[in-house]
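# Fold and geometry: a report
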Amino acid sequence: MKSNVQRAGSAGSLRGVLASDVPASLVVFLVAMPLCMGIALASGAPIMSGLIAGVVGGLVVGLFGGVPLLVSGPAAGLAVMVFGFIQELGFAVTCAVVVAAGLVQMALGGLKVARSALAISPAVIHGMLAGIGILIVLGQLHIVLGGSPQSNAWANLRQLPQQLAHLHGPATVLGVLTIGLLVAWQFLPPGRLKQVPGPLVAVVGASVAAAVWGANVKRVELAGDLFSGIQLPSLPQGNWGAFVTAVLSLAVVASAESLLSAVATDKLHTGPRANLDRELFAQGLANTVSGLVGGLPITGVIVRSAANIAAGARTRVSAVLHAVWILLFVSLLGAWLGLVPLTVLAGLLVVVGVKLVNVHHIQELHRRGELPVYVVTVAGVVGINLLAGIGLGLALAVVRLLWRLGQVQVQVRQEGEMHQVRVDGVLTFVGVPKLSAALAQVPAGARVEMDLAVETLDHSGYEALESWCQTHRKTGGKVLMEPLEEVWTRKGAISPSTSAHSIPSIPSISTSLSSEGAR
């Protein structure tokens, strides 16, 4: 205990900050800078809006958030959604959407409902991110090849052969070079060189190659410095239905992504645990501020957070400082960003998009039997739109839940004058019709020995059993079973050894309950 206190004290001291958080903040800054610009490009927004979001996310969430080592900023997971908003509503109204979504998040954080956002099926979340990754790859490949992205996934697929047939030499070479550098960097052996962020190496290396080559390609265009790039939001002139839908969908998706990132970040360190309600409030505050000054929406980002922790960060100072470095760089050295070709940022986004299709998640969901929800969500996001994909995924997840709740097995057999009934599985309102159909096989006036080895029993199942027992006894029959009140209380606390017996007696059930309680 004493050593933990001493370490915490040293981490919070000025010397501890200089030793750990300042170097970590520089690493995160070098990772975040190209990503902020690339995500703005994928969103169809001004490049400066991504940098503004990076600064606001680092400062506001870093100072007020509930997860000290979480790094926030513009996220690739929202790029496709924001692109759609800008196409439909325009950039100024999209900024107003970000402001309003932030206010909704602040209200949710104030109501302390952050934990409820984690109830969304992981299969839906991972499917949403994978679908977004596919859309990013399909769109940014056109920029890498020297063209322009189309309005939807199918159009991008149809136009790819034509793009491949008419390659724009310099743009294609630089884009492929960026992708090659990023992929090769992942296979470097551990060492000092590997500690340099791959995105920085790829963007700087390809940009230097473009400058030396004198390549005639489109480059990043910044409207002055960070402060001159500020654009005020505006409310829509009509089309309020689309505006409200955009606000609610952005609030839900951004909240879910931030909270899942917060939970994932908690698993990467042994420091203070996450306060999710405070984090959600801070994310909302950051989005409100970002939208007011013309920035993209903000979420917690697990990639930057993992880089922060791996670089040795100990407090929230590292997240705040990384925003300060972005602010200083754009204000003092912003002209250098004009040397970065857009095809280089597109190549970076292609790799980011591919990583959103996480093979480990697919394998894990397959083991748990949730792969169909994942596949439907991905198909909906890619084939229709983001909200449709999320809706289809959630609908299938609910249907699967109802199907599992109906997995009750009822066995009825006769041995002499005794009818033996065994009920296994989950007995809820969904399984009541199946239970009633099975019990209808028992003739009136018969003697029945009933074994209730249920895992779950809800009120509908309880009433169905009680009603049948009462009716059967009124017809002259007898029912021997454990009191329903005890079954209701334990809700199926039956040990595996008990389920091996066909019809356990009351003493054996008691023994089973005792052994379960001991565990």
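Just above sits the structure.
The text that follows walks through the structure, step by step, so that each part is easy to find. (Residues numbered from 1 in each chain as written. Predicted model: local features only at pLDDT ≥ 70, side-chain atom pairs only at ≥ 80, totals over all residues. Heavy atoms only, no water.)

The next subject is the overall build of the chain. When you go through the chain residue by residue, the secondary structure sums to 23 helices and six strands. Burial statistics for the chain: of 519 residues in total, 50% are counted as buried. Contacts spanning at least 24 positions in sequence make up 79% of the contacts within the chain whose residues lie at least 6 apart. Here the chain has roughly 23900 Å² of accessible surface; of this, 65% comes from carbon and sulfur atoms. (Helix = DSSP H or I, 4+ residues; strand = E, 2+ residues; numbered from the N terminus. Buried < 20%, exposed > 50% of the residue type's maximum accessible area, 1.4 Å probe, protein only. Contact = heavy atoms within 4.5 Å. Areas by Shrake-Rupley, 256 points an atom, 1.4 Å probe, with all protein chains shown as cover.)

A few words on the nonpolar core. Generally speaking, a soluble globular protein has its nonpolar side chains buried in company with each other. Counting 96 residues, the largest nonpolar core has Leu 51, Val 97, Leu 250 and Ile 326 as its most contacted members. Per element, the largest residue contribution to this core is 13 residues, and it comes from helix α7 (residues 122-144). Beyond its immediate stretch of four places on either side in the chain, Leu 250 contacts Leu 78, Met 81, Phe 85, Val 97, Val 98, Ala 101, Ser 255 and Pro 297. Formed by 25 residues, the second largest nonpolar core is a distinct cluster that contains Leu 427, Ala 438, Val 442 and Val 448. (Core = buried A, V, L, I, M, F, W, Y, C linked by side-chain atoms within 4.5 Å.)

Looking now at the sheet that holds strand β5 (residues 447-457). Strand pairing in a sheet relies on backbone hydrogen bonds, with the paired strands running either antiparallel or parallel. The sheet built from four strands is open, its strands ordered β3-β4-β5-β6 with mixed pairing. Two strands lie at the open edges of the sheet, namely β3 (408-415) and β6 (478-480), each paired on one side alone. Strand after strand, the sheet turns through a mean of 20° between neighbouring axes, direction not considered. Two elements, β3 and strand β4 (residues 418-427), share eight bridges in a ladder whose sense is antiparallel. Counted as the bridge partner of Gln 411 is Arg 422 from β4. The sheet contacts of helix α19 (residues 432-439) involve β3, β4 and β5, and relative to β3 the element is tilted by about 5°. Against the sheet, helix α20 (residues 459-474) touches β4, β5 and β6, its axis set at about 175° to β5. (Pairing = 2+ DSSP bridges. Axes fitted to C-alpha atoms, helices over the stretch in contact; angles between N-to-C directions.)

Looking at the secondary structure, you find Asn 308 in helix α13 (residues 302-310). For Asn 308, a relative accessible area of 0% corresponds to the buried category. Within polar-contact distance, the side chain of Asn 308 engages the side chain of Ser 318 at 2.9 Å. Other than its neighbours up to four places away in sequence, Asn 308 contacts Ala 24, Val 28, Leu 69, Val 71, Ala 313 and Ser 318. (Polar contact = N/O pair within 3.5 Å; in protein donor to acceptor, adjacent residues only side chain to side chain.)

The grouping of Glu 463, Glu 466, Glu 485 and Glu 486 at the surface amounts to a negative patch. For Glu 463, the location among the structural elements is in helix α20. On the basis of relative accessibility, which here comes to 43%, the residue Glu 463 falls in the partly exposed class. (Patch = residues over 30% accessible without salt bridge, like charges linked within 9 Å, V, L, I, M, F, W, Y side chains within 5 Å. Salt bridge = Lys/Arg side-chain N within 4 Å of Asp/Glu carboxyl O. Lys, Arg positive; Asp, Glu negative; His and termini not counted. Charge placed at Lys NZ, Arg CZ, Asp CG, Glu CD.)

Summed over all chains, the structure comprises one cavity of 30 Å³ or more. Space inside the largest cavity adds up to approximately 30 Å³. Forming the walls of the largest cavity are Ile 39, Ser 43, Pro 74, Ala 75, Leu 78, Ala 79, Val 82, Leu 296 and Pro 297. Residue assignment for the lining of the largest cavity shows that the elements contributing at least two residues are α2 (14-43) and α4 (79-89). (1 Å grid on protein atoms, 1.4 Å probe; cavity = no way out; pocket = protein on both sides within 12 Å on 5 of 7 lines; lining within 4 Å. Points joined across faces, edges and corners; volume = space filled by probe spheres on them.)

Read these as spatial facts, not as claims about activity.
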